[in-house]
Amino acid sequence: MSSAYLPAGLARRTESLSSSAIRDLLALTARDDVISLAGGLPATDLIPVDRIAAAAEAALRTPDALQYCETRGHGTLRSVLAARESDARGGVTVPVDTVVVTHGSQQALTLLAQALIDPGAVVVVDEPAYTGALQVFSIADARIEAIPIDSDGMDTEELERRLAAGLRPAVVHTVANFHNPRGVTMSEQRRRHLAALADRFGFWVIEDDPYGEIWFAAPDSATPGVGAPPLPIACHSDRVIRLSSASKILAPTLRVGWFVAPRAVCAAVELLKQGADLCGSSMTQLMAADMLGDTAWLDAHLVDLRREYSCRATALTTALDAEFGARLTVSRPAGGMFTWATFEDATDTGELLAAALDHGVAFVPGTAFGSGEQYRRSLRLSFAGATPAVLTDAVRPLASARSAFTRAH
Ligand SMILES: Cc1ncc(COP(=O)(O)O)c(C=O)c1O
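Residues numbered from 1 in each chain as written. Predicted model: local features only at pLDDT ≥ 70, side-chain atom pairs only at ≥ 80, totals over all residues. Heavy atoms only, no water.

A.B. asks: What is the right way to look at the overall build of the chain in this model?
C.D. replies: Scanning the chain from terminus to terminus reveals 12 helices and 14 strands. Relative to the 2.2 N^0.38 estimate, which gives 22 Å for 409 residues, the radius of gyration of the chain is 21 Å and therefore close to what a compact globule would have. Projected onto the principal axes, the alpha-carbon positions of the chain cover approximately 60 × 50 × 50 Å. Per-residue burial for the chain yields a buried fraction of 54% across its 409 residues. A sequence separation of at least 24 residues applies to 71% of the contacts in the chain between residues at least 6 apart. Here the chain displays about 17300 Å² of accessible surface, and carbon together with sulfur accounts for 54% of that area. In the chain, 36 positive and 47 negative side-chain charges are present, and the distance between their average locations comes to 2 Å. (Helix = DSSP H or I, 4+ residues; strand = E, 2+ residues; numbered from the N terminus. Rg over C-alpha atoms; globule rule 2.2 N^0.38 Å. Buried < 20%, exposed > 50% of the residue type's maximum accessible area, 1.4 Å probe, protein only. Contact = heavy atoms within 4.5 Å. Areas by Shrake-Rupley, 256 points an atom, 1.4 Å probe, with all protein chains shown as cover. Lys, Arg positive; Asp, Glu negative; His and termini not counted. Charge placed at Lys NZ, Arg CZ, Asp CG, Glu CD.)

Right, here's the structure in full:
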């Protein structure tokens, strides 16, 4: 929806609002006759329904499950998250009072933008970028600067050149693990470099990590099941705020996200969150604490998720290779939920989408993730939501759509 449709009498802030292209597309692709490779939804068939039901049952027997909880999150969940974060950082203790629970990590982004970004301040994002972050930073009235990413993540050398030339960001946002939409993972060396730049130039890094646990192949290796990403950027500087979420590994409907940050940032966000919603849901936070704290169950669940997502990624990339050959360059995901593909000819994926929907398949055109001309030929495909057989079947109509589109142009 563009601001042209907004009625008079609304605040000036609403004039620059635009809907995420992906959320608009989700409405279109909810049709039964369309196989959607567009959304960033985790696999519905892999959501652990029975374990969630057991967690709900157990939570309901806890007296405070149906009450308000602390604004920064239920203490039980924050303790579990602090322990998990400590593990993720190779055993460095993460204190409980540096963890804040939010309504999904998207709310963490919104509240952090309010806490850290003055109108007109510079925010650096990946190019291409997570659309939800672009939306938040544009609502915050930030001046957005994009730094390209390649197979090693954000090009921190380029960032350093821009900083040396005078760029002074308040915040650098990056998705370092299994990037949305590119699928790439930031190298260890660039993580250290970005952290060192944050210390030297005094900006915050938001390390947005909903996909880090869904790894299924080592970079440069064809072996599924090995290859966790490098240690978080947060291991290398106190100026890094690390966000994560239960959405992709348990279920989005829990709306449980969290971040770890210096105490002053947590305190500021707590005040903003009081104004936004008083607190999150005690019920779903207790459920998340139960499941995330049950390490034996969670480890087995993650092994299943990684194995299945790995199969789905292979099914999709193999089918794309078979149908398109050298005309389409397809990324080889080592984790996460997305494949990024680029046509080697002049196929405009924004225009191709209409033909693809007619043929019963949907994807997200590259231009949803940035304004660069180079994205006109690219597309993001999610392999998470469909079985290998359905993914293979989805590629044929995509190829037919492209043939029809090419004939018409
Ligand atoms: C990079 C990134 N960050 C944050 C989110 C928000 O997720 P949630 O609010 O469900 O935790 C998403 C969702 O797709 C995402 O891809």
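A.B. asks: Quick question: what am I supposed to make of the sheet that holds strand E2 (residues 99–103) here?
C.D. replies: Across a sheet, paired strands are connected by hydrogen bonds in the backbone, their directions being either parallel or antiparallel. Judged by pairing direction, the sheet is mixed, and its 8 strands sit side by side in the order E2-E9-E8-E7-E6-E3-E4-E5 without closing on themselves. The two strands at the open ends of the sheet, each matched to only one other strand, are E2 and strand E5 (153–154). Sheet topology places strand E6 (residues 169–174) next to strand E7 (residues 204–208); 4 bridges connect them, and they run parallel. In the sheet register, His173 faces E7, and the bridge partner there is Ile206. Of the strands in this sheet, strand E3 (122–127), strand E4 (143–150), E5 and E6 touch helix H6 (residues 156–164), which is tilted by about 145 degrees from E4. (Pairing = 2+ DSSP bridges. Axes fitted to C-alpha atoms, helices over the stretch in contact; angles between N-to-C directions.)

Structural measurements only, silent on function.
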